[in-house]
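Observations on chain architecture
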Amino acid sequence: MIGWIIAIAVVVILVLIYFGLYNSLVKYRNRVDETWAQIDVQLKRRFDLIPNLVETVKGYATHEKETLTQVIEARNKMMEVPADNRQGQIEADNMLSGALKSIFALGEAYPDLKANTSFIELQHELTTTENKVAYSRQLYNTTVMTYNTKVQSVPTNIVAKLHNFKERDMLSIPEVERVAPKVEF
């Protein structure tokens, strides 16, 4: 009789451990998805600010059509990337970031534009949004690292394989952006 009680207790403990491991995997998978959604929110915010910035710049820099066209094309590419293609979204986002840097460079070339309050406010909003995007990316990578560690670690990896929990990719910086810019005086 005592042997049965001990056996049942061991089984119950093992089942509870299994449930705990499974639930921790679900929790971290959901955190990864939530942090990705935060990146998406910031990208959407930036996406919505861009037409206002382009219109403000148009009035001052009508012959800078190429720069404005690049920004608009990059914005449109963001729209074309499917929501489930995270790497594609990040690549389109990087392209848009580069195009936006060109717009801000125009502010230096046109003193009237640089002094325009609408341009200043939009530039500030976009800069703030860029900072939020950078923070959200950092948080996403930290969350993915924690989740991937769970998926790879014993004994959680056994539960992960049984329930098809897959590792997630971290966001990375394109090779072009890793090169430090040259500063000359």
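Bear in mind that the values here come from a model prediction, so they are computed numbers and not experimental data.

Reading the values: rules and limits
Residues numbered from 1 in each chain as written. Predicted model: local features only at pLDDT ≥ 70, side-chain atom pairs only at ≥ 80, totals over all residues. Heavy atoms only, no water. Helix = DSSP H or I, 4+ residues; strand = E, 2+ residues; numbered from the N terminus. UniProt positions renumbered as here; feature names shortened; annotations may be inferred. Buried < 20%, exposed > 50% of the residue type's maximum accessible area, 1.4 Å probe, protein only. Contact = heavy atoms within 4.5 Å. Patch = residues over 30% accessible without salt bridge, like charges linked within 9 Å, V, L, I, M, F, W, Y side chains within 5 Å. Areas by Shrake-Rupley, 256 points an atom, 1.4 Å probe, with all protein chains shown as cover. Salt bridge = Lys/Arg side-chain N within 4 Å of Asp/Glu carboxyl O. 1 Å grid on protein atoms, 1.4 Å probe; cavity = no way out; pocket = protein on both sides within 12 Å on 5 of 7 lines; lining within 4 Å. Points joined across faces, edges and corners; volume = space filled by probe spheres on them. Nonpolar A, V, L, I, M, F, W, Y, C, P; charged D, E, K, R; others polar. Phe/Tyr/Trp six-rings, centres within 6.5 Å; stacked < 30°, edge-to-face > 60°.

The next subject is unusual backbone geometry. Following Val154, the chain continues into Pro155 via a peptide bond in cis, with omega recorded as 0°. Its place among the elements puts Pro155 in the loop between helix H5 (117–152) and helix H6 (156–162). Within the chain, Asn164 stands out as a residue other than glycine whose phi angle is a positive 60°. As for its placement among the helices and strands, Asn164 is situated in the loop between H6 and helix H7 (175–178).

Per the UniProt annotation, the sites labelled "transmembrane region" (unreviewed entry) are residues 6–25. With 100% helix and 0% strand, residues 6–25 has its two end C-alpha atoms placed 29 Å apart.

What follows concerns the side chain of Thr156. Inspection of the secondary structure assignment puts Thr156 in helix H6. Residue class for Thr156 comes out buried when judged on its relative accessible area of 5%. Other than its neighbours up to four places away in sequence, Thr156 contacts Leu21, Leu25 and Lys150.

This next bit is on a nonpolar patch on the surface. A contiguous nonpolar patch, built from Trp4, Ile8, Val11, Val12, Val15, Leu16 and Phe19 and spanning about 720 Å² of accessible area, is present on the exposed surface. What makes Leu16 exposed here is its relative accessible area of 56%.

A few words on the layout of surface pockets. When its volume is computed, the second largest pocket comes out at roughly 180 Å³. What lines the second largest pocket is simply Asp40, Leu43, Lys44, Phe47, Met78, Met79, Val81 and Gln89. When contributions to the lining of the second largest pocket are tallied by element, the ones reaching two or more residues are helix H1 (2–60) and helix H2 (65–80). Of all the elements, H1 adds the most residues to the lining of the second largest pocket, at 4 residues. Broken down by class, the residue content of the lining of the second largest pocket amounts to 5 nonpolar, 1 polar and 2 charged.

Inspection of the secondary structure puts Gln42 in helix H1. Not counting residues up to four positions away in its chain, the partners in contact with Gln42 are Thr129, Lys132, Val133 and Ser136.

In this structure the tally under the stated criterion is 3 aromatic pairs. Relative to Phe165, the ring of Tyr22 has its centre 5.7 Å away and its plane inclined at 75°; by these criteria the two rings are edge-to-face. Of the two residues, Tyr22 sits in helix H1 while Phe165 sits in the loop between H6 and H7, which places them 143 residues apart along the sequence. For Phe165, a relative accessible area of 6% gives the class buried.

Side-chain pairs of opposite charge can arise whenever the charged atoms involved come near each other. The final tally for this structure, using the stated rule, is 4 salt bridges. Taking the shortest distance from any N to any O, the salt bridge between Lys44 and Asp48 comes out at 2.8 Å. Of this pair, Lys44 and Asp48 both sit in helix H1, separated by 4 residues, roughly a single helical turn. According to the relative accessible area criterion, Lys44 is partly exposed, its value standing at 47%. As a salt-bridge pair, Arg46 and Glu130 come within 2.5 Å of each other at their nearest N and O atoms. One end of the pair, Arg46, is in helix H1; the other, Glu130, is in helix H5, with 84 residues separating them in the sequence. Judged by its relative accessible area of 25%, Glu130 is partly exposed.

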